[in-house]
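Structure assessment
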Amino acid sequence: MAQKDSLNCPFEHIKNPDLEIKKINEISQRTVSLLDNRYPVPDKILRGVHPKSHGCVSASFEINADIDQSLQVGLFKSPGKVFDASIRFSNASVRVEPDISDAGEHGSRGMAIKIYDVGGEVLIEDNGGRNQDFLMINQPVFAFANTDDYLILMRILDRNNDNSDSFFDPLKLQDPTLSEEDRQQILEYIKAENIDEQGIKRILDTLTIVKQIKSTSVANPLNIQYFSAAPFLFGSDRVMKFSVKPVYQVTPTVLPPDLAPDYLRRALKESVFQNERVEFDFMVQVRSDDGDKMGIENASSIWDEKQFPFIKIAKITIPTPQTEVDSDVNEARCEAMAFTPWHSLSEHQPIGSINRLRKDVYQTSAKHRKAEREVESELFLVRWFKSFLESL
Ligand code: HEM
């Protein structure tokens, strides 16, 4: 349980550990029931979030030779060291949908990096390996501040067939045209979910972030900046947020006129097929103040870049050309991979409410889709053996 690692961390403040565990368990259970509803037998179960992949590429992750000594911590302890890595680009939406909706709305984009064989003490092994995963989205903040809010979201998704609109209902109380019946219903719901004044403020923050996501147009997954949004340890006495920024813009750089449903996959494939330089700077904001001041328990809070500038400490290179991005073999490998922020060196332990929650939920989602894959392969073998016997 993530809390065991977190209770002694000076930067984290868990108000009610027992209640948090209960909420995390409920979210894990709902992750499974939502997946079962989304993918009825015989559909293949995909990831609980970010199910739509634009493709996986191989990459290298090189620690900058001139990294400042004060930043030579954990993964970054050896200047000039180069690691092998894989990267999966994705859409966050819980369902596989067109990259732009019919209403012209965009979505949250993800970049997940898996760095292989990092050595050292890891928090969770990755299929027996010691890997470091870095998961990011293309906004500097996560839309849901903490476990309380995420649980409310999950209950709403479960009730409303994956539609999250009613998460914002409490904000309708400001609407003078709201009927008395609707007002009463919303008040009852606020009471049932224990949403206080701070909770209402956070719903407003979520709405602002969601609007920002919907209006952010992305032409190519390789041309945008990604952020961890949530905080992580940087050794035992500091905290980091990380970000990845492209060094060059690669073609295509503009939205295609046809806005095909999978245009982001097409752009990624086209870019890595060419012999272009595809590089990103890996950067960190590092701080050491009091946890409350840094908003550790609120993943929707931002660290002002003017006050806490991002510092480049590593370089990610995607060698090109990679012509097999959407081959069957590569697709199967990409689907089988499981990323989690808890595949991590202990020096970079995920912290804060949202990150504690992620420990169980990612494992639950990955296990659920893996279990199904294993049943599928067994069925395949049984069928193959039967037809082999029949052919004799
Ligand atoms: C700062 C906040 C977060 C960021 C930056 C983030 C980012 C990502 C990314 C990039 C992926 C795709 C990984 C891949 O390519 O396989 C992912 C997957 C996933 N995320 Fe998050 N996420 C965040 C918070 C959450 C939260 C709060 C939950 C729910 C508790 C969640 C649940 C999941 C699940 C279930 C998967 C799929 C896991 C699997 O089946 O392998 N995420 N996330």
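Our subject is the structure listed above.
Here we summarise the structure given alongside this text. Keep in mind that this is a model prediction, so the values were computed, not measured.

Things to note about the overall build of the chain
Within the chain, the secondary structure is distributed over nine helices and nine strands. Taken over C-alpha atoms, the radius of gyration comes to 22 Å for the chain, in line with the 21 Å a tight globule of 392 residues would show. On the principal axes, the C-alpha backbone points of the chain span a range of 65 × 65 × 45 Å. For the chain, the residues scored as buried account for 37% of the 392 residues in total. Partitioning the intrachain contacts of the chain with sequence separation of at least 6 by distance along the chain shows that 77% fall at a separation of at least 24.

Section: helix α5 (residues 197-214)
Helix length check: α5, at 18 residues, gives a terminal C-alpha distance of 26 Å against a target of 26 Å (1.5 Å per residue), a fit within 8%. Among the residues of α5, those classed as buried are Ile 203, Thr 206 and Ile 209. The buried residues of α5 all sit within an arc of 125° when viewed along its axis, so they share a single face. Opposite the packed face of α5, turned more than 90 degrees from it, sit the exposed residues Glu 197, Lys 201, Thr 208 and Lys 211.

As for the site of the ligand
Neighbouring residues of the ligand: 29 residues in total, closest Gly 48, His 50, Gly 110, Ala 112 and Ser 365. Of all the elements in the fold, those that place two or more residues in the shell around the ligand are α2 (17-38), β2 (82-91), β3 (109-115), β4 (132-137) and α9 (353-391). No other element matches α9, which puts eight residues into the shell around the ligand. Classifying every residue of the shell around the ligand by side-chain character gives 18 nonpolar, seven polar and four charged.

Overview of the environment of Gly 107
Mapped onto the elements, Gly 107 comes out in the loop between β2 and β3. With 20 C-beta atoms counted inside 10 Å, the residue Gly 107 sits in the buried group. Residues Gly 107 and Glu 97, spaced ten residues apart in sequence, show a C-alpha to C-alpha distance of 9.9 Å. Discounting residues that sit within four places of it in the chain, Gly 107 has contacts with Asn 91, Ala 92, Ser 93 and Ile 213.

Description of the packing of α2 against helix α3 (residues 147-159)
Running from N to C, α2 and α3 point in directions that differ by 30°, and their axes come no closer than 10 Å. Compared by their axis directions, α2 and α3 come out roughly parallel. Considering the relative orientation of α2 and α3, their crossing is left-handed. Along its contact with α2, which presents Glu 20, Lys 23, Ile 24, Glu 26, Ile 27, Arg 30, Ser 33 and Leu 34, the element α3 presents Thr 147, Asp 148, Tyr 150, Leu 151, Met 154, Leu 157 and Asp 158. For the contact of α2 with α3, the per-class residue count stands at seven nonpolar, two polar and six charged.

So, helix α6 (residues 263-273)
For α6, the full list of buried residues reads Tyr 263, Leu 264, Arg 265, Ala 267, Leu 268, Ser 271 and Val 272. Of the surrounding elements, those touching the buried residues of α6 are β1 (52-63), β2, β8 (278-287) and β9 (311-318).

Here's the deal with unusual backbone geometry
Geometrically, the link from Thr 251 to Pro 252 is a cis peptide bond, its omega value of 0° lying close to zero. Secondary-structure assignment places Pro 252 in the loop between β7 (239-246) and α6. Residue Pro 321 is reached from Thr 320 by a cis peptide bond, and omega for that bond is -5°. Within the secondary structure, Pro 321 sits in the loop between β9 and α8 (328-336). Backbone geometry places Asn 161, a non-glycine residue, at a positive phi of 50°. Relative to the assigned elements, Asn 161 resides in the loop between α3 and α4 (180-192). Since 9 C-beta atoms lie within 10 Å of it, Asn 161 is described here as exposed.

Focus on the pairing of β8
Inspection of the sheet shows β7 paired to β8 by eight bridges, in the antiparallel sense. Following the sheet pairing, Lys 241 is matched in β8 by Gln 285. In the sheet, β8 pairs with β9 via seven bridges, with the strands oriented antiparallel. Pairing of Phe 282 across the sheet is with Ala 314, part of β9.

Observations regarding the pairing of β3
β3 sits mainly inside the fold: seven of its seven residues count as buried. Side chains Arg 109, Met 111, Ile 113 and Ile 115 project from β3 onto one buried face, and the interleaved Gly 110, Ala 112 and Lys 114 project onto a second face that is buried too. For β2 and β3, the ladder comprises seven bridges, and the chain directions are antiparallel. Following the sheet pairing, Phe 89 is matched in β3 by Met 111.

The rules behind these values
Residues numbered from 1 in each chain as written. Predicted model: local features only at pLDDT ≥ 70, side-chain atom pairs only at ≥ 80, totals over all residues. Helix = DSSP H or I, 4+ residues; strand = E, 2+ residues; numbered from the N terminus. Rg over C-alpha atoms; globule rule 2.2 N^0.38 Å. Buried ≥ 20, exposed ≤ 12 C-beta atoms within 10 Å, placed from the backbone. Contact = placed C-beta atoms within 7 Å. Expected span 1.5 Å × (residues − 1). Arc of directions from axis to C-beta. Near = placed C-beta within 6 Å. Nonpolar A, V, L, I, M, F, W, Y, C, P; charged D, E, K, R; others polar. Axes fitted to C-alpha atoms, helices over the stretch in contact; angles between N-to-C directions. Parallel < 35°, antiparallel > 145°, perpendicular 65-115°, else oblique. Left-handed = near helix turned anticlockwise from the far one by under 90°. Pairing = 2+ DSSP bridges.

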